[in-house]
Amino acid sequence: MTVVPVDAPPYLAPMPPHARARSTKTASRRRTTRPRARSKSNATPEHASEIYRRLHLAYPDAHCALNHRNAYELIVATILSAQCTDVRVNMVTPALFAKYPNAEALANADRETLEEMIKSTGFFRSKTKSLLGMAQAVAERYNGQVPRSMEELTALPGVGRKTANVVLGNAFEMNDGIVVDTHVARLSKRLGLTKETDPVKIERALMPLFPRGHWTMVSHLLIEHGRRVCEARRPKCEQCVLNDICPSSLV
Ligand code: SF4
């Protein structure tokens, strides 16, 4: 029996039996007349392979746009890139890496000085917290070396699956997953590769469509195409090398 406090708001009150019956009927009518949209797409590895082939021809030099010389610099740059352009991050990191050249130096950074240095990348307080937490963990647990596994990376403060994938793929050349950022999410949907909207589910849908050895490059290609052609507001479908195989093409 559901016990509802006497002063509970009306939405917590138990439903009377006749209303319950009506509600069940309405629900079943809705289920029969309006089937829920399928969340799986019909994308095939062949479709994905053709997309990869054409984008690789169009952007043979696609690569990580965050300037870095090692895994430490890349993990720092990737944390800074949340809700910020890579161009802006690249303007901030030279001075940052000069002042804090490794995890030990960053772990001992003065919080206010760090906040001031990264302010222009936005969300600077939470990014400062992530950078200090990540650097302290790397310095203490891994002797200053950025770890090389998804499990260890995602256990670091401020490091999620996307950042870990960026580091593994670009600093260590390990294809452990696919980076899903805003461009990859948008293009995956437009190209009919998945109907998912959650980044983790998008990644899970993309992985079986591409050979493992292509996973890092897939995201570089989709990001490049998203920046240059398949823009969020106005996709340039008339210039797109995929317009005859894209289910969202406007031409
Ligand atoms: S055809 Fe248009 S919507 Fe499809 S990928 Fe190209 S630019 Fe994007």
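As shown above, the structure is provided for reference.
Residues numbered from 1 in each chain as written. Predicted model: local features only at pLDDT ≥ 70, side-chain atom pairs only at ≥ 80, totals over all residues.

(A) Main features of the overall build of the protein. From N to C terminus, the protein includes twelve helices and zero strands. Its helices and strands taken in sequence order, the protein reads α-α-α-α-α-α-α-α-α-α-α-α from the N to the C terminus. When burial is assessed residue by residue, the protein has 33% of its 251 residues classed as buried. A separation threshold of at least 6 residues defines the contact pool for the protein, and within that pool the share at least 24 residues apart is 59%. (Helix = DSSP H or I, 4+ residues; strand = E, 2+ residues; numbered from the N terminus. Buried ≥ 20, exposed ≤ 12 C-beta atoms within 10 Å, placed from the backbone. Contact = placed C-beta atoms within 7 Å.)

(B) Summary view of the site of the ligand. Around the ligand there are 13 residues in total, and Cys 230, Pro 235, Cys 237, Cys 240 and Cys 246 lie nearest to it. In terms of residue class, the shell around the ligand is built from eight nonpolar, three polar and two charged. (Near = placed C-beta within 6 Å. Nonpolar A, V, L, I, M, F, W, Y, C, P; charged D, E, K, R; others polar.)

(C) A look at the environment of Glu 46. Checked against the element boundaries, Glu 46 lands in helix α2 (residues 45-58). On the basis of neighbour count, Glu 46 is assigned to the exposed category, with 9 C-beta atoms found within 10 Å.

(D) Region of interest: the environment of Thr 93. Relative to the elements of secondary structure, Thr 93 occurs in helix α4 (residues 86-99). C-beta crowding within 10 Å serves as the criterion here: with 22 such atoms nearby, Thr 93 is assigned to the buried category. Between the alpha carbons of Thr 93 and Ala 77 there is a distance of 6.9 Å; along the sequence they are 16 residues apart. In this view, Thr 93 contacts Asn 67, Glu 73 and Ala 77; residues no more than four positions away in its chain are not counted.

(E) Up close: the nonpolar core. If you look at the biggest cluster of nonpolar residues, it comprises 57 residues, and the most contacted ones within it are Ile 75, Val 76, Met 134, Val 167 and Leu 206. Of the residues forming this core, the biggest block, eight residues, is contributed by helix α3 (residues 71-80). Residue assignment places this core across two domains, with domain 1 (45-62 + 178-239) and domain 2 (71-170) each supplying three or more. Non-local contacts of Met 134, meaning those with residues more than four positions away in its chain, are made with Ile 75, Ile 79, Leu 156, Pro 157, Gly 158 and Val 159. (Core = buried A, V, L, I, M, F, W, Y, C linked by C-beta atoms within 7 Å. Domains from an automatic or database assignment.)

(F) Looking closely at the packing of helix α6 (residues 111-118) against helix α7 (residues 124-141). Two numbers describe how α6 lies on α7: the axes approach to 9 Å, and their chain directions differ by 120°. Comparing the axis directions of α6 and α7 gives the class oblique. Judged by the twist between their axes, the crossing of α6 over α7 is right-handed. The residues of α7 that touch α6, namely those facing Arg 111, Leu 114, Glu 115 and Ile 118, are Phe 124, Arg 125, Lys 127, Thr 128, Leu 131 and Leu 132. Looking at the contact of α6 with α7 residue by residue, the classes come out as five nonpolar, one polar and four charged. (Axes fitted to C-alpha atoms, helices over the stretch in contact; angles between N-to-C directions. Parallel < 35°, antiparallel > 145°, perpendicular 65-115°, else oblique. Left-handed = near helix turned anticlockwise from the far one by under 90°.)

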